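Summary of the model geometry
Now for the letters of each chain:
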Amino acid sequence: MPPTRERVLDAAVDLLAEGGVRALTHLRVDDRAGLPRGSTSNHFRTRSALVSGVVDRILELEVPEVGRAFEPTSLDELVDGMCALYRRTTVTNRTLTAARLALFVEARHQPDLGEALSRGRAAMVEQIVPTLDRIGARDPEVAARAIASCFEGLILHDVARGDRSDPEPVLRLVVRGALA
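These lines cover the structure that appears in this document, whether it is placed above or below. Sequence positions are assigned chain by chain, starting from 1 and proceeding in written order. In keeping with the predicted nature of the model, local features appear solely for residues at pLDDT of at least 70, side-chain atom pairs appear and are counted solely at 80 or more, and the whole-chain, interface and lining totals rest on all residues. To obtain the side-chain values, all non-hydrogen atoms of the structure were used and water was disregarded.

All right, on to the side chain of T40 then. For helices the rule is a DSSP run of H or I covering at least 4 residues; for strands it is a run of E covering at least 2, with both sets numbered from the N terminus onward. Relative to the helices and strands, T40 is located in helix α3 (residues 39–43). Side-chain polar atoms of T40 contact the side chain of D30, separated by 2.5 Å. The contacts of T40, once residues within four sequence positions are left out, are V8, H26, V29, D30 and L50. Any pair of N or O atoms that falls within 3.5 Å is considered a polar contact. Within protein, one atom must be able to donate a hydrogen and the other to accept it, and sequence-neighbouring residues count only if both atoms are side-chain atoms. For this analysis, residues touch if any pair of their heavy atoms sits within 4.5 Å.

Right under this line is the structure:
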């Protein structure tokens, strides 16, 4: 069985994905994780600390997958890796993604949360830049930001609107543009 802290955070992710930030309470997390009341409070004294812990947990689970998607040495391999990452993000890890999107909306009202979520974006861009440099982008940093923005938009439309369109043509176009 995972350690209590992981159980708490995974239960919090589930609650966020299902009901948004309003569903996230210490008591509900305890119940969802099957833990005695007060367990969540032992690890995360405040709601803000719990939300910050969830952001860190999401990054812990997602960043390694992002890194694997951006190891290719050609445009075609990059697009294939991004499509695979998109499928993991919108299918396999859909709950994690829905929780992250719920936090994005809440970040509008909580600057500290926005800063924490920005760490995830920075980690993604940081992993894309060397690949884009390797395959010939003139400005890898700008190209990485453009690709990340497109990728995030596609994910948002899939999770929030149920748009199950094939991302490959859009990603191929954006990656080609980033390399132009």
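Okay, the packing of helix α4 (residues 47–69) against helix α7 (residues 111–134) next. Between α4 and α7, the least distance of the axes is 10 Å, while the angle of their chain directions is 10°. In terms of orientation, α4 lies roughly parallel with respect to α7. Residues V51, V55, D56, L59, V63, V66 and G67 of α4 lie in contact with α7, whose contacting residues are L113, A116, L117, R119, G120, A123, M124 and Q127. Tallied by class, residues from the contact of α4 with α7 come to 10 nonpolar, 3 polar and 2 charged. Lines fitted to C-alpha atoms define the axes, with helix axes restricted to the stretch in contact, and inter-axis angles between N-to-C directions lie between 0 and 180 degrees. Each angle is binned into one of four classes, with values under 35 degrees roughly parallel, values over 145 roughly antiparallel, values of 65 to 115 roughly perpendicular, and all other values oblique. Three classes are used: nonpolar for Ala, Val, Leu, Ile, Met, Phe, Trp, Tyr, Cys and Pro, charged for Asp, Glu, Lys and Arg, and polar for all others, with Gly counted as polar.

Take the nonpolar core next. F70, M82, L132, F151 and V175 are the most contacted members of the largest nonpolar core, which totals 31 residues. At the level of secondary structure, the elements contributing two or more residues to this core comprise α4, α5 (75–92), α6 (94–107), α7, α8 (140–161) and α9 (168–179). The element that contributes the greatest number of residues to this core is α8, accounting for 9 residues. In contact with V175, other than residues within four places in its own chain, are L75, L78, V79, M82 and I147. Put simply, a nonpolar core is a bunch of buried Ala, Val, Leu, Ile, Met, Phe, Trp, Tyr and Cys residues held in one set by side-chain atoms that sit within 4.5 Å of each other. Relative accessibility decides the category of a residue: with a 1.4 Å probe and only protein chains considered, values under 20% of the type maximum give buried, values over 50% give exposed, and everything between is partly exposed. Of all hydrophobic cores here, the second largest spans 27 residues; its members include A12, L15, V21 and A116.

On to α4. Note: α-helices contain 3.6 residues per turn, so residues at a spacing of three or four share the same orientation. To estimate how far a helix should reach, multiply one less than its number of residues by 1.5 Å. The terminal C-alpha atoms of α4 lie 33 Å apart, and with 23 residues this matches the ideal 33 Å at 1.5 Å per residue to within 8%. Two axes enter the bend calculation: one fitted to the seven residues ending at the residue in question, the other to the seven starting there, and the bend is the angle between them. In the structure, α4 departs most strongly from a straight axis at E62, where the bend amounts to approximately 30° and where the proline P64 lies between one and four residues downstream.

What follows is about the packing of helix α1 (residues 4–19) against α4. Closest axis-to-axis distance for the α1/α4 pair is 9 Å, and the angle between their directions is 95°. When the axis of α1 is compared with that of α4, the two are roughly perpendicular. Together, E6, V8, L9, D10, A12, V13 and L16 of α1 and L50, G53, V54, R57, I58 and L61 of α4 make up the contact between the two elements. Across the contact of α1 with α4, the residue classes tally to 9 nonpolar, 1 polar and 3 charged.

Working definition: rings of Phe, Tyr and Trp (its six-membered ring) pair if their centres are within 6.5 Å, and the pair is stacked with planes under 30 degrees apart, edge-to-face with planes over 60 apart, and tilted otherwise. Overall, the coordinates contain 1 aromatic pair when judged by the stated rule. Centroid distance Y86 to F151: 6.2 Å. Interplanar angle 80°. Geometry classified as edge-to-face. Linking Y86 in helix α5 with F151 in helix α8, this pair joins segments that are 65 residues apart in sequence. Residue Y86 is classed as buried on the basis of its relative accessible area of 4%.

With that settled, consider the environment of T90. Residue placement: T90 occurs in helix α5. Exposure remark for T90: the relative accessible area of 1% places this residue in the buried category. For T90 and L156, which are 66 residues apart along the polypeptide, the C-alpha to C-alpha distance reads 9.2 Å. Other than its neighbours up to four places away in sequence, T90 contacts I155, D158 and R164.

Any carboxyl oxygen of Asp or Glu that lies within 4 Å of a side-chain nitrogen of Lys or Arg is treated as forming a salt bridge with it. As enumerated under the stated definition, the model contains 11 salt bridges in all. Residue E6 pairs with R57 through a salt bridge whose shortest N-O separation is 3.9 Å. Here E6 is found in helix α1, whereas its partner R57 is found in helix α4, with 51 residues between them in sequence. By relative accessible area, which is 30% here, E6 ends up partly exposed. Judged by relative accessible area, R57 falls into the buried class, the value being 7%. D10 is paired through a salt bridge with R57; the nearest N and O atoms lie 2.8 Å apart.

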